[in-house]
Amino acid sequence: MSGLFITFEGPDGSGKSSILKKVYEQINIDFPNKQFVITREPGGTNNKIAEDIRNILLNKMEYKIDYHAEALLFAASRAQHVHDFIQPNLESGNVVLCDRYIDSSIVYQGFGRKLGVDNIWKINEFAMHGVIPHLTLILMVSPEVGLVRINANASREVNRMDKEKLEMHKQVYDAYRYIIDNDTTNRIVEIDASKTFDEVYEEVYNIIKSKII
């Protein structure tokens with residue numbers, strides 16, 4: 001694959017989706033001769049099957065999804081997303097900017113749901129078709145601050161995962177900290193998302209720009 005695959009990760013309320021959107025808008029201006037595409041998980045850009053699975057996963061209904069089924073649904077959505085969108089764009093030499101990917105599954109299902117990191121990695125290794133990010137930016141913010149931001153942002157979509165108890169959000173934060181501290185691939189970069197939006201954006205943009213130039 002000749003393209004570049006960059007993923008954005010972080011606890012809920014870290015601001016990663018807003019940062020990603022601004023990066024995408026600006027980078028298209030600064031690099032007009034380079035093709036950039038933006039997508040997110042679960043689901044994906046113009047992907048009916050993956051989006052249908054997303055609607056099940058992030059539902060606001062009262063019925064409870066079994067944790068094992070939840071993990072498998074995330075992996076199924078990812079498999080379709082990789083096959084239909086991510087892999088073809090990388091093979092075309094494009095830069096793919098993705099909001100969440102494999103690390104989210106490890107964090108939320110492996111640690112948060114206590115299903116085990118090895119189990120989550122195995123089912124997703126099968127789902128990813130060998131597509132691993134070249135760069136992963138993890139925007140870190142405390143669970144308390146993250147929840148305040150979620151509740152204060154009236155325009156933000158609040159889904160089933162956002163409504164989890166504070167304890168779950170703390171587990172997510174600790175899991176991301178574990179991934180950062182134990183990374184041996186050199187693909188992960190930690191970003192202090194407690195700073196102002198402009199400060200975080202500038203740091204993230206400069207890191208991505210250095211990978212493209």
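Right, let's walk through the structure included here. (Residues numbered from 1 in each chain as written. Predicted model: local features only at pLDDT ≥ 70, side-chain atom pairs only at ≥ 80, totals over all residues. Heavy atoms only, no water.)

### Brief notes about the overall build of the protein chain
- Looking only at helices and strands, one finds eight helices and five strands in the protein chain.
- Reading the protein chain from its N end, one meets helices and strands in the order β-α-β-α-α-β-α-α-β-α-α-β-α.
- Based on the C-alpha atoms only, the size of the protein chain along its principal axes is roughly 45 × 35 × 35 Å.
- Taking all 213 residues of the protein chain together, the buried fraction comes to 50%.
- Expressed as a percentage of contacts within the protein chain between residues at least 6 apart in sequence, the contacts between residues at least 24 apart total 77%.
- Here the protein chain displays about 10,500 Å² of accessible surface, and carbon together with sulfur accounts for 53% of that area.
- Looking at the protein chain, you have 25 positive and 30 negative side-chain charges, and the mean spots of the two groups are 3 Å apart. (Helix = DSSP H or I, 4+ residues; strand = E, 2+ residues; numbered from the N terminus. Buried < 20%, exposed > 50% of the residue type's maximum accessible area, 1.4 Å probe, protein only. Contact = heavy atoms within 4.5 Å. Areas by Shrake-Rupley, 256 points an atom, 1.4 Å probe, with all protein chains shown as cover. Lys, Arg positive; Asp, Glu negative; His and termini not counted. Charge placed at Lys NZ, Arg CZ, Asp CG, Glu CD.)

### So, the nonpolar core
- Among the nonpolar cores identified, the biggest contains 27 residues, and Phe 5, Ile 86, Tyr 101, Val 107, Val 131, Ile 138 and Tyr 176 are the most heavily contacted of them.
- Those elements that provide at least two residues to this core are α3 (67–91), β3 (95–99), α4 (102–112), β4 (135–140) and α7 (166–181).
- The greatest single-element share of this core, amounting to six residues, is contributed by α7.
- When sequence neighbours within four positions are dropped, the list of residues in contact with Phe 5 reads Ile 86, Leu 90, Val 96, Cys 98, Tyr 101, Val 131, Ile 132, Pro 133, His 134 and Leu 135. (Core = buried A, V, L, I, M, F, W, Y, C linked by side-chain atoms within 4.5 Å.)

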